[in-house]
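Take a look at the letters that make up each chain.
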Amino acid sequence: MGKRLIELSSQVTGEAGDLSLTPGEAAVLEDVIKHPASSISEIHQRTGFVQSHVSASVSRLKARGLVEAETDPSDGRRTRVRVADGVLQAVTRRAARSVDQVIGRAIGDTGRARRTAELLEELAGILL
C-alpha cells in the first residue's frame, strides 16, 4: 500500500516539465527552505547526510538555479545557502495540486474516489 501511495503522490506533485530531484537533493532543498542561510555543516547535521554529499547536492541545486550559495562574511571558510528567488512560489504551486483527480483516475468511480480521499485524510490525521 505504501508503494502505491508513493506512486499516486508523485502523480500529484509531478507534471510534465517539472524539475526532477534526487531524494537527497529534495531533502537538502527542504532543509534550506526551512532554515535559510544555513551552512553546509548545519545542513549536514540536520539531514544526517555526509558533508561531501550535502556539498555535492548544493552544487547541483545551485547549477539548476534553485539555491544560492555565498561565502559567510563573518567566516570566509563557511558557505551560506539560501533558496533562490521564485523557488518558494514554485514549490507552493506544486504542493497545492489536488490529489482528487489522481485518485479519481486510479479508482474510476467518483463515489469510491471521494470516500478514498476522506479515508486518507482521516489516516493522515491519525498518523501525523
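Structural notes, computed from the coordinates. (Residues numbered from 1 in each chain as written. Predicted model: local features only at pLDDT ≥ 70, side-chain atom pairs only at ≥ 80, totals over all residues. Heavy atoms only, no water.)

Within the secondary structure, L66 sits in the loop between helix 4 (51-63) and strand 2 (67-72). Note on L66: relative accessible area 11%, which makes it buried. It is 8.1 Å that separates the C-alpha atoms of L66 and D85, two residues lying 19 residues apart in sequence. (Helix = DSSP H or I, 4+ residues; strand = E, 2+ residues; numbered from the N terminus. Buried < 20%, exposed > 50% of the residue type's maximum accessible area, 1.4 Å probe, protein only.)

The subject of this paragraph is the packing of helix 6 (residues 100-107) against helix 7 (residues 110-127). The N-to-C vectors of helix 6 and helix 7 enclose an angle of 125 degrees; their axes lie 9 Å apart at closest approach. Judged on the interaxial angle alone, helix 7 and helix 6 are oblique. Our pair here, helix 6 against helix 7, has a crossing hand that is right-handed. Taken together, the residues of helix 7 that come into contact with helix 6 (itself represented by D100, I103, G104 and I107) are R112, A113, T116, A117 and L120. (Axes fitted to C-alpha atoms, helices over the stretch in contact; angles between N-to-C directions. Parallel < 35°, antiparallel > 145°, perpendicular 65-115°, else oblique. Left-handed = near helix turned anticlockwise from the far one by under 90°. Contact = heavy atoms within 4.5 Å.)

In the contact formed by helix 3 (residues 40-47) and helix 4, the axes pass within 9 Å of each other and the chain directions differ by 115 degrees. Crossing of helix 3 over helix 4 shows right-handed handedness. Of helix 4, the residues touching helix 3 (which contributes I40, S41, I43, H44 and T47) are Q51, V54, S55 and V58. Classifying every residue of the contact of helix 3 with helix 4 gives four nonpolar, five polar and no charged. (Nonpolar A, V, L, I, M, F, W, Y, C, P; charged D, E, K, R; others polar.)

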